[in-house]
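Each chain, written out:
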Amino acid sequence: MSTDLQDLPDWRAQSENYECPEWFRNAKFGIWAHWGPQCVGAMGDHYAPGIYGPHPGDKTYVTSDTIYQEHIQRYGHPTEHGFKDICNSWKAEKWAPEHLIGLYKAAGAKYFVCLGNHHDNFDNWNSAHQPWNSVNVGPKRDLVGGWAAAARAEGLRFGVSLHGWQAWKYYANAAGHDKTGPWAGKPYDGALTKEDGAGQWWEGLDPKALYATDQDPTTEPDAAYTDKWNRRMLDVIDQYQPDLLYIDNWDRSVYGGAQGDDVIGHFYEQGTEDGKIDVVFTRKHMPESERHRALWNVERGLLDAVQPLAFQTETCIGNWHYHYGVHYKSSTDVIRMLIDVVSKNGNFLLNIPLKGDGSPDVLELELLKDITEWMETNSDAIYDTRPWRVFGETEAGSAATEAPSWNENEKLTELQGQIRYTSKGDTLYAFLLATPTGEVTLPSVQPTSVDGASVEQLGHGPIPFHLDSNGRLVLEAVSATTVRGTNGAATVFRLSGIS
């Protein structure tokens, strides 16, 4: 059933008493496939605008002509072969959602998020309001629907991310032209009209509906553009009823004011069970004053303190879109990020982009295998846990008021050898972010008594422990050679009966 934009509930009133659902707080780990037609180029992020060269006056997306030059070598000049043609060449011929979801579930993911659209303005579903979609063009399949069915069949919660709002800026150069060289002055394919498609593969489609070239990239888009975007968001909500909805760049526009907000009100309304909202809406750059209404999302960043409300950190193993040959995070870094985020009251969403054909590469499969091995042994210390009274043995900062986006590289180097904690009921879990080489001291664990207490090193079994002269708990850890599932990332101890 299609929802009318005039029949939306008041999001602000509805979200005043929002509480993050327990299923999400318990899940802790999700996997994201940031996969769309830009992955065909295998050159990472922003392939679509890169075809048309650097953005004049905007360093957000493309600052060099690398993609432009490579695209010409592979496919031809964007006067004749632009991003619309990349969309058509995207066939997703090796995409096997059931198999992929099985891999993600084995690696410990409790929820899965797919890319509904990116800034490239191409909808990866049977879109009622964007004819440039994966059913009409390219794969000729409903990708969001396929992901949803596969995830739910495996018992995973399902989410969709939408990033297409700023297409009008993303394609700022698509109707332009080369200033010099053999194509100087000849317009790129973003200048084509619907009538130009007569007799072409894209006959009946209007290029400006993809490239948003009817908008001025230096100002806000018009009401018709905003209305269409709101309807596309509603379409995803109504068709697939996702458990999680991630809207990128919500901070940069109100998406048509109250009406855009109230699209999320509809999402909350359709996701309400027994009087309680059971779905998650998340976005970046959320001011502290708004975090009681939705889930704060932190892009590629690690926080310095336990947060009073649940949050999510998102990152990628490499670039957001598939990039052949790019350096990937190690499984050690991924696992340590997961632990650090969970210790501070967060969930961890990991993007593993697919190749254009819909398959993961060998290195991605190896990384998934490592995560699977570690989670098989240690996931009890992750799922269903809550922060302890301190997140670890390091100086705590204050609860962050702004997202420390893109600080992960700096923070990851600091994690080696640190201690982190989680708790579940009366059980405390301690993580050593290293391979133990002897005794492990936990300065913040100073029990008044250890009578009846026990300590288990996960993957090994019970180990001896004692209190030092300062009353601190000391664990007599065993080396990794006799422990299952450590792979050097983190060793986990379960502490029971220690008050």
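What this report covers is the structure whose coordinates are included nearby. (Residues numbered from 1 in each chain as written. Predicted model: local features only at pLDDT ≥ 70, side-chain atom pairs only at ≥ 80, totals over all residues. Heavy atoms only, no water.)

Observations regarding the packing of helix α6 (residues 97-106) against helix α7 (residues 143-153)
Move 1: Running from amino to carboxyl end, α6 crosses α7 at an angle of 50°, the nearest separation of the two axes being 9 Å. Put simply, α6 runs oblique to α7. As α6 runs across α7, the sense of the crossing is right-handed. On α7, the residues that touch Pro97, Glu98, Leu100, Ile101 and Tyr104 of α6 are Gly146, Trp147, Ala150 and Ala151.
Move 2: Of the residues assigned to the contact of α6 with α7, the class counts are seven nonpolar, one polar and one charged. (Axes fitted to C-alpha atoms, helices over the stretch in contact; angles between N-to-C directions. Helix = DSSP H or I, 4+ residues; strand = E, 2+ residues; numbered from the N terminus. Parallel < 35°, antiparallel > 145°, perpendicular 65-115°, else oblique. Left-handed = near helix turned anticlockwise from the far one by under 90°. Contact = heavy atoms within 4.5 Å. Nonpolar A, V, L, I, M, F, W, Y, C, P; charged D, E, K, R; others polar.)

Regarding the pattern of salt bridges
Two side chains that carry opposite charge are able to pair once their charged atoms sit near each other.
Move 1: Evaluation of the coordinates by the stated rule reveals 29 salt bridges.
Move 2: The partner of Glu16 in a salt bridge is Arg293, with the nearest N and O atoms 3.0 Å apart. One end of the pair, Glu16, is in the loop between α1 (11-14) and α2 (22-27); the other, Arg293, is in the loop between β7 (280-283) and β8 (295-299), with 277 residues separating them in the sequence.
Move 3: On the basis of relative accessibility, which here comes to 39%, the residue Glu16 falls in the partly exposed class.
Move 4: Exposure remark for Arg293: the relative accessible area of 10% places this residue in the buried category.
Move 5: In this structure, the salt-bridge partner of Lys186 is Glu80, at a minimum N-O distance of 3.7 Å. Placement of the pair is Lys186 in the loop between α8 (167-170) and α9 (207-211) and Glu80 in the loop between α4 (66-74) and α5 (83-89), with a sequence separation of 106 residues.
Move 6: With a relative accessible area of 39%, Lys186 lands in the partly exposed category.
Move 7: Here Glu80 falls in the exposed class, since its relative accessible area comes to 57%.
Move 8: Residues joined by salt bridges that share partners form a network here, namely Arg12, Glu16, Asp261, Glu290 and Arg293. (Salt bridge = Lys/Arg side-chain N within 4 Å of Asp/Glu carboxyl O. Buried < 20%, exposed > 50% of the residue type's maximum accessible area, 1.4 Å probe, protein only.)

What about the side chain of His34?
Move 1: When you line up the elements, His34 lands in the loop between β1 (29-33) and α3 (47-50).
Move 2: From its side chain, His34 meets the backbone oxygen of Trp320 in a polar contact 3.3 Å long.
Move 3: Ignoring sequence-local partners within four residues, the contact set of His34 consists of Cys39, Leu115, His118, His163, Trp320, His321, Asn351 and Pro353. (Polar contact = N/O pair within 3.5 Å; in protein donor to acceptor, adjacent residues only side chain to side chain.)

A word on the side chain of Asp120
Move 1: Considering the arrangement of structural elements, one finds Asp120 in the loop between β2 (111-117) and α7.
Move 2: A distance of 3.1 Å separates polar atoms of two side chains, one belonging to Asp120 and the other to Gln38.
Move 3: A polar contact is formed between the side chain of Asp120 and the backbone nitrogen of Phe122, at a distance of 3.1 Å.
Move 4: Apart from residues lying up to four places away in sequence, Asp120 is in contact with Pro37, Gln38, Ala48, Phe83, Tyr170, Tyr171 and Leu210.

What about the sheet that holds strand β13 (residues 439-442)?
Move 1: Read from one edge to the other, the open sheet built from three strands follows the order β13-β17-β16, with strand pairing classed as antiparallel. Single-partner strands in this sheet number two, and they are β13 and β16 (465-467). Strand-to-strand twist across the sheet, computed as the mean angle between neighbouring axes with direction ignored, equals 25°.
Move 2: When β16 meets strand β17 (residues 473-476), the two strands line up antiparallel, connected through three bridges. Its bridge partner lying in β17, Phe465 is registered against Leu475. (Pairing = 2+ DSSP bridges.)

Looking at the pairing of β1
Move 1: Of all the five residues making up β1, five are buried; the element is thus mostly covered by neighbouring parts of the structure.
Move 2: Pairing analysis gives four bridges linking β1 to strand β10 (residues 346-351), with the strands arranged parallel. Bridge pairing links Phe29 to Phe348 in β10.
Move 3: For β1 and β2, the ladder comprises four bridges, and the chain directions are parallel. Note on β2: the bridge partner recorded for Trp32 is Val113.

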